[in-house]
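# Reading the structure
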Amino acid sequence: MTDKQPEALRLAKILDSYPVGSPAGAKRLAAAELRRLHEVNADLLTALIEITNECTDGFKPHELFVKQALAAIAKATGEQQ
């Protein structure tokens with residue numbers, strides 16, 4: 001995985017600069033939602049990684065799931081599998 005700041009968090013930081021109660025207050029709400037979604041994504045990515053680490057070639061019924069999970073991990077991290 002890269003140490004680059006996720007785009008959602010970068011945008012959230014920009015949106016946070018708008019004061020609450022101003023016409024741009026909705027942008028702060030959007031910033032909070034971006035942070036929430038980033039956290040959910042991180043939790044899901046961690047779960048996928050843990051699951052794929054536990055699966056071995058002996059679990060043949062799960063091969064398709066493991067391939068899909070590895071593809072999702074690669075997409076989320078920007079890495080090629």
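Quick look at the structure, then. All of these numbers come straight from a predicted model, not from anything done at the bench.

Another aspect to go through is the overall build of the chain. When its secondary structure is counted, the chain shows three helices and zero strands. Its helices and strands in sequence order give the chain the pattern α-α-α, from N to C terminus. For the chain, the proportion of its 81 residues judged to be buried stands at 15%. Of the contacts formed within the chain by residues at least 6 apart in sequence, a portion of 31% connects residues at least 24 apart. Here the chain displays about 6300 Å² of accessible surface, and carbon together with sulfur accounts for 60% of that area.

In this section: the pattern of salt bridges. Applying the stated criterion across every chain, the model contains three salt bridges. A salt bridge links Glu7 to Arg10; the shortest N-O distance between them is 2.7 Å. Of this pair, Glu7 and Arg10 both sit in helix 1 (residues 7-15), separated by three residues, roughly a single helical turn. Ionic pairing is found between Arg35 and Asp16, a salt bridge with its closest N-O pair at 2.8 Å. Placement of Arg35 in helix 2 (residues 25-54) and of Asp16 in the loop between helix 1 and helix 2 is noted, with a sequence separation of 19 residues between them.

This next bit is on the environment of Phe65. If you trace the backbone, Phe65 turns up in helix 3 (residues 63-77). Here the alpha-carbon distance between Phe65 and Thr52, two residues 13 residues apart in the chain, equals 8.9 Å. Contact partners of Phe65, with chain neighbours within four places excluded, come to Leu48 and Ile51.

Here helix 3 spans 21 Å end to end across 15 residues, near enough to the 21 Å set by a 1.5 Å rise per residue. Buried within helix 3 are the following residues: Val66, Ala69, Ile73, Ala74 and Thr77. Seen from one end, helix 3 has its buried residues packed into an arc of 140°, which puts them on one side. More than 90 degrees from the buried face of helix 3, the exposed residues found are Leu64, Lys67 and Lys75. Residues of helix 3 that are buried make contact with helix 2. The first or second residue beyond helix 3 is Gly78, which carries a positive phi of 75°.

Our next topic: the packing of helix 2 against helix 3. Their axes nearest at 10 Å, the elements helix 2 and helix 3 cross at an angle of 140°. Relative to helix 3, the element helix 2 is oriented oblique. Crossing angle aside, the handedness with which helix 2 passes helix 3 is left-handed. Counted together, Leu45, Leu48, Ile49, Ile51 and Thr52 of helix 2 and Phe65, Val66, Ala69, Leu70, Ala72, Ile73, Ala76 and Thr77 of helix 3 form the full contact between these two elements. Among the residues making up the contact of helix 2 with helix 3, the classes are represented as eleven nonpolar, two polar and no charged.

Conventions adopted
Residues numbered from 1 in each chain as written. Predicted model: local features only at pLDDT ≥ 70, side-chain atom pairs only at ≥ 80, totals over all residues. Heavy atoms only, no water. Helix = DSSP H or I, 4+ residues; strand = E, 2+ residues; numbered from the N terminus. Buried < 20%, exposed > 50% of the residue type's maximum accessible area, 1.4 Å probe, protein only. Contact = heavy atoms within 4.5 Å. Areas by Shrake-Rupley, 256 points an atom, 1.4 Å probe, with all protein chains shown as cover. Salt bridge = Lys/Arg side-chain N within 4 Å of Asp/Glu carboxyl O. Expected span 1.5 Å × (residues − 1). Arc of directions from axis to C-beta. Axes fitted to C-alpha atoms, helices over the stretch in contact; angles between N-to-C directions. Parallel < 35°, antiparallel > 145°, perpendicular 65-115°, else oblique. Left-handed = near helix turned anticlockwise from the far one by under 90°. Nonpolar A, V, L, I, M, F, W, Y, C, P; charged D, E, K, R; others polar.

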